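Secondary and tertiary structure notes
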Amino acid sequence: MSTAAPASALPSYDDAIARYEPVIGLETHVELGTVSKMFCGCATAFGAEPNTQVCPVCLGLPGSLPVVNEAAVRFAVLIGLALHCEIAPWCRFARKNYFYPDMPKNYQISQYDEPLCTNGWLDVEVEGEIHRVGITRVHMEEDTGKSLHVGGATGRIHGATHSLVDYNRAGIPLVEIVTEPDVRSPEVARAYVDELRELIRALGVSDVRMEQGSLRCDANASLRLRPAPGEPDAPFGTRTETKNLNSLRSVERAVRYEITRQAALLDDGERIIQETRHFDEGAGRTSSGRSKEEATDYRYFPEPDLTPLELSAEYVDEQRAALPELPAARRARLIAEHGYTARDLVDMRNAGVLDLVEQTVAAGAASPAAARKWWLNELARRASDTGAAPADLAITPADVARITVLVAGGELTDALARKVIDGVLAGEGTPDEVVAGRGLAVVADDGALTAAVDAAIAGAPDIAEKVRGGKLNAVGPLVGAVMKAMKGQADAATVRGLLLERLGTS
Amino acid sequence: MTDHPTSPVPAPAPSAVGGAAGSPGAAGTAGGDTVRLSAAATAAAIAAGELSAVEATQAALERIAKVDDTIHAFLHVDAEGALSAARRVDERRAAGETLGPLAGVPLALKDVLATRGMPTTCGSRILEGWQAPYDATVVSRLRAADVVLLGKVNMDEFAMGSSTENSAYGPTRNPWDTTRIPGGSSGGSAAAVAAFEAPLAIGTDTGGSIRQPAAVCGLVGVKPTYGGVSRYGLVAFSSSLDQAGPLARTVTDAALLHTAIAGHDPLDSTSVDLPVPAVVAAAARRDVRGVRVGVVRELSGAGYDPGVRAAFAAAVETLTELGAEIVEVSCPHFTYALPAYYLIAPSECSSNLARFDAMRFGLRVGDDGEAGAEEVMSRTREAGFGPEVKRRIILGTYALSSGYYDAYYGQAQKVRTLISRDFAAAYEQVDVLVSPTTPTPAFPIGAKVDDPVAMYLSDLATIPSNLAGGPAMSLPAGLADGLPVGIQIMAPTFADDRLYLVGGALEEALDDRRGHPLLDEIPAL
Ligand SMILES: [Zn+2]
């Protein structure tokens with residue numbers, strides 16, 4: 001038996017890839033964000049009460065018939081075009097037959113040998129290097145319902161006393177995006193899914209939330225011996241398919257584990273079983289699912305309830321013209337126009353502020369760097385403190401742009417700017433209104449400041465003495481006293497300079 | 001569900017609308033004669049105030065109460081629903097509203113159409129007691145046309161069969177000879193109309209299931225062009241072949257019903273967005289001079305009973321006398337229609353019937369708290385499906401299997417293309433094609449139950465039209481040994497009006513020659 005863990009200890013990952021080349025392909029399911037389901041008018045909102053978004057069609061009641069959602073077709077075409085695919089002028093749906101309680105008709109309407117989109121690619125960047133991943137096909141299908149297994153220890157079917165099925169998800173439109181076996185490392189696998197997610201998010205056709213299952217990934221992996229110099233590539237090895245990876249980290253970890261597991265088996269002279277495997281996030285390991293020998297024969301045949309889908313060249317051209325700027329092009333533009341680094345872009349994107357930063361620059365920010373700084377360092381933190389997305393904060397890019405201008409003009413210090421942000425978030429109005437309302441402008445009047453400095457020194461002669469004696473760091477409490485007297489409307493660095501000057505130490 | 005009507009038929013009651021509808025003029029048509037009226041005559045009498053819809057409905061219900069213990073056409077009689085629908089028609093007429101051409105006419109629905117407020121069983125145990133939460137488009141159109149739905153009628157389980165013996169609720173009997181089958185799968189529909197329980201019925205036709213029962217019960221039955229009538233709510237047997245259509249006693253009645261149910265439906269993607277062919281006008285033309293009629297050589301020779309051939313020849317002769325041009329045409333691939341059909345239909349049914357799994361509706365067997373879902377599905381399907389349904393599911397599952405698909409389903413689809421080409425070539429020479437509808441008249445109940453292939457041969461002549469999608473009609477041609485036989489008229493897709501043009505003229509001429517409609521010769525029950 002070689003379906004379980006290999007007999008000998010797993011080699012290190014570095015050791016494994018020194019000898020074996022991983023060959024990886026990815027199958028990604030994306031739930032499309034259409035208002036209604038793939039073949040009926042039911043709503044698709046996530047999180048509704050179970051079985052409230054159902055009808056005779058998506059429940060598979062006798063006599064009901066599917067009708068294709070045109071928005072879903074358009075979304076799938078947009079994905080195909082963004083992935084540089086050919087869009088079939090004529091294609092069909094097919095039935096994939098298998099019995100499962102959460103599948104209402106006991107067949108899934110999918111596409112088989114006549115997919116909507118074929119033969120595309122996506123470029124993925126890892127550590128400055130571009131990897132082109134071939135896209136074999138993009139096809140449309142419907143999602144299944146969701147089973148909830150009750151009474152068992154783990155929520156899995158094993159050991160459960162009964163199961164409940166929620167059909168709200170049944171019939172939600174999906175696309176399946178299948179790559180060529182072009183990926184050669186777990187890092188590229190992860191970066192591919194990441195880039196694909198960005199691409200689909202940019203198209204606005206799905207919310208691509210892996211944790212909610214609106215983007216799900218299966219990874220196929222096999223190993224082959226690295227050829228000696230000058231030798232041709234070895235043929236592909238037997239692959240396994242690890243199902244339902246629900247985070248970017250899981251994609252990378254699962255593939256990495258499979259590489260070491262398969263390497264150990266091959267080292268032991270065993271063969272790899274072609275099978276599906278499950279990834280246990282807690283243990284960081286994959287375990288055997290069903291093998292190909294037991295695999296279901298899906299008995300695909302053309303769906304007779306639907307007429308073939310015929311898309312005119314004009315229609316496809318219209319969709320091509322409607323494509324928004326795609327992530328790779330946008331990144332190149334932002335680097336060229338705004339001087340950001342690739343790292344900056346990754347940070348801003350991960351913080352969920354890239355759009356906001358761009359809008360802030362467009363709204364007249366003092367500089368792209370300032371826009372980035374305020375969103376990334378200040379506002380993203382405040383959003384995460386409250387559990388909100390930065391875009392949901394009660395401050396607009398125009399507000400932030402104005403604040404950066406005020407700071408650049410010396411009218412606000414960073415500390416004052418934070419108070420202005422407090423005011424804006426508290427609903428006190430625009431930055432200018434908050435500055436006026438709270439009286440937050442930097443006080444440049446030397447007279448008031450000098451008086452406050454003198455008062456602070458007079459009020460703490462012992463501290464003043466220490467500073468005079470050379471303990472410059474002791475000046476802190478005096479700075480605090482001045483700032484308090486000035487109600488914060490002074491620049492702390494300026495105050496410190498004035499104090500030291502007054503005490504004859506600068 | 002029992003083997004008898006599930007709703008008691010009420011005793012004759014006074015008309016709910018009283019004197020207005022029960023005018024003296026109705027005296028001549030009420031009672032026994034009312035049920036013998038054609039649908040057109042019933043509607044005309046109601047519109048003229050000579051008969052109320054309630055009277056027409058009560059007459060039908062009384063007739064059902066009288067004869068259905070013998071015939072067993074009905075699985076469910078909705079007396080209350082029918083009478084209240086009839087009452088609304090009478091009220092609307094009293095209010096001066098213009099009524100549709102079938103308003104107040106009673107009708108029997110094949111139990112394969114989803115119908116609110118009534119069970120929908122498909123003749124199967126697996127759907128025993130199931131109530132559809134929605135109306136099939138055909139049903140909602142009938143309701144909108146003020147047709148009175150009497151109830152649901154018997155059928156071969158899931159429309160698989162040619163005798164109605166495959167119903168889980170017992171066989172229906174042929175009103176011409178109650179020891180014989182009424183045809184199938186729409187045997188309940190045909191028997192109800194032939195036994196004067198209803199002037200109209202809806203059937204469905206996948207391989208001949210309207211035309212074959214119409215032929216052996218002496219009725220007019222039409223399979224419209226595929227896509228002409230919505231399949232939404234028609235519980236699918238074979239999606240690419242199924243089509244609902246009318247059964248009636250006259251060509252005009254069939255045309256009226258055809259018109260009421262046809263037309264584009266956005267809920268059915270295979271429904272075509274074309275105007276409904278002008279079948280009522282075509283039925284009224286009664287002139288076939290110059291119409292080119294092709295006799296299909298492959299559908300009239302060996303395998304057809306002498307009596308069937310004689311009646312068919314006489315009907316063709318009548319067409320000649322009416323001025324039609326008769327040509328013999330060859331459709332060589334029709335020979336392969338039957339095997340192709342018995343790959344395509346079971347393949348599609350094996351998938352269509354997968355949803356009957358005890359999870360969401362219908363029968364559930366063996367859910368003992370121990371068995372898992374898969375086991376409950378298996379036990380339910382074992383107990384809920386009859387032998388013919390299982391036979392076809394197994395056949396279809398095999399034909400679609402990996403490695404066999406090309407040899408079976410793929411090959412059958414190629415035959416289908418060849419048959420369509422045969423039709424296309426024939427229609428370059430002729431306007432319609434004709435053949436006997438069935439190889440034999442009605443056979444005795446039980447005669448073929450143990451020989452599925454002999455049973456399958458009943459649909460030899462009707463299957464090509466399902467495979468190619470074109471419309472076809474069966475019209476009473478005459479009797480053979482005292483039993484009705486039909487002539488089949490076939491036309492190109494979307495030329496359904498040609499069936500009615502030729503059918504209307506031929507019906508009139510045959511009735512004239514006979515001196516009366518064929519159904520007048522049916523023995524009293
Ligand atoms: Zn729905």
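Heads up: the structure comes first, above all this text.
Residues numbered from 1 in each chain as written. Chains lettered and ligands numbered in written order. Predicted model: local features only at pLDDT ≥ 70, side-chain atom pairs only at ≥ 80, totals over all residues. Heavy atoms only, no water.

Considering the interface of chain A and chain B
Note the cut-off: The contact rule is simple, with two residues in contact once any of their heavy atoms fall within 4.5 Å. Put simply, buried area is how much 1.4 Å-probe accessible surface two parts lose in total, over both of them, once they are put together. The term salt bridge refers to a side-chain nitrogen of Lys or Arg lying within 4 Å of a carboxyl oxygen of Asp or Glu. Here a strand is any run of E in DSSP of at least two residues, a helix any run of H or I of at least four, and the numbering for each starts at the N terminus. Polar here means any residue other than Ala, Val, Leu, Ile, Met, Phe, Trp, Tyr, Cys and Pro, which are nonpolar, and Asp, Glu, Lys and Arg, which are charged; Gly is therefore polar.
Every contact between the two is made by 31 residues of chain A and, on the other side, 38 residues of chain B. Interface area, chain A with chain B, both sides summed: about 2,700 Å², of which 59% is carbon and sulfur. The largest per-residue losses of area from chain A upon contact with chain B belong to Pro62, Leu65 and Arg299 of chain A, which jointly make up 23% of the total buried on that side. The tally of links from chain A across to chain B stands at one salt bridge. Between Arg231 of chain B and Asp305 of chain A there is a salt bridge, and its shortest N-O distance comes to 3.1 Å. Taken together, the elements giving at least two residues each to the side of chain A that touches chain B come down to β4 (94-97) and β15 (301-302) of chain A. In terms of residue class, the side of chain A that touches chain B is made up of 20 nonpolar, six polar and five charged.

Overview of unusual backbone geometry
In most cases, non-glycine residues show a negative phi, while peptide bonds are predominantly trans. Heads up, the condition is: Each residue is assigned to one of three classes by its accessible area relative to the maximum for its type, calculated with a 1.4 Å probe on protein chains only: buried under 20%, partly exposed between the two thresholds, exposed over 50%.
With an omega of 5°, the peptide bond between Gly184 of chain B and Ser185 of chain B qualifies as cis. Of note, the phi angle at Asn119 of chain A is positive, near 65°, even though the residue is not glycine. Structurally, Asn119 of chain A is set in strand β6 (residues 117-126). Backbone geometry at Arg299 of chain A places phi at a positive 45°, although glycine is not the residue there. What makes Arg299 of chain A buried here is its relative accessible area of 12%.

Quick word on the coordination of the zinc ion
Residue and element names in this part refer to chain A. Definition in use: Donor atoms (N, O, S) are those found within 2.8 Å of the metal centre, with the cutoff raised to 3.2 Å for Na, K and Ca; water is not part of the atom list, so apparent gaps in a site can occur. All geometry calls rest on donor angles, where a four-donor set with angles between 85 and 135 degrees is tetrahedral, four- and six-donor sets with opposite donors more than 155 degrees apart and all others between 65 and 115 are square planar and octahedral, and all else is irregular.
Protein coordination at the zinc ion comes from Cys40 (SG), Cys42 (SG), Cys55 (SG) and Cys58 (SG), with a distance range of 2.3 to 2.4 Å. Considering all four donor atoms around the zinc ion, the spread of angles at the metal, 100 to 116°, places the coordination shape in the tetrahedral class. For the zinc ion, all donor residues lie on one chain, and their spacing in sequence is C-x1-C-x12-C-x2-C. Of this pair, Cys40 sits in the loop between β1 (20-31) and α2 (70-82) while Cys58 sits in the loop between β1 and α2, and the two are 18 residues apart along the sequence.

A short note on the nonpolar core
Rule in force here: As used in this record, nonpolar core signifies buried Ala, Val, Leu, Ile, Met, Phe, Trp, Tyr and Cys residues forming a set joined through side-chain atoms within 4.5 Å.
Core analysis: the biggest nonpolar cluster contains 195 residues, and Ile177 of chain A together with Phe158 and Tyr500 of chain B have the highest contact counts within it. Residue contacts for Ile177 of chain A: discarding those within four places in its chain leaves Leu26, Glu27, Thr28, Val30, Ile79, Leu83, Ile135, Arg137, Val138, Tyr192, Leu196 and Ile200 of chain A. Membership of the second largest hydrophobic core comes to 49 residues, among which are Ile46, Val67, Ala108 and Ile522 of chain B.

Here we look at the sheet that holds strand β5 (residues 220-223) of chain B
Residue and element names in this part refer to chain B. The test is simple: Strands were regarded as paired on the criterion that DSSP finds at least two bridges between them. Fitted lines through C-alpha atoms give the axes, limited to the stretch in contact for helices. The angle between two N-to-C directions lies from 0 to 180 degrees.
The mixed open sheet is built from 11 strands, whose spatial order is β1-β3-β2-β4-β6-β5-β10-β11-β9-β7-β8. Each edge of the open sheet carries a strand with a single partner, namely β1 (74-77) and β8 (325-329). Going across the sheet, the axis of each strand differs from the next one's by a mean of 30°, ignoring polarity. In terms of strand pairing, β5 meets strand β6 (residues 243-248) through two bridges, oriented antiparallel.

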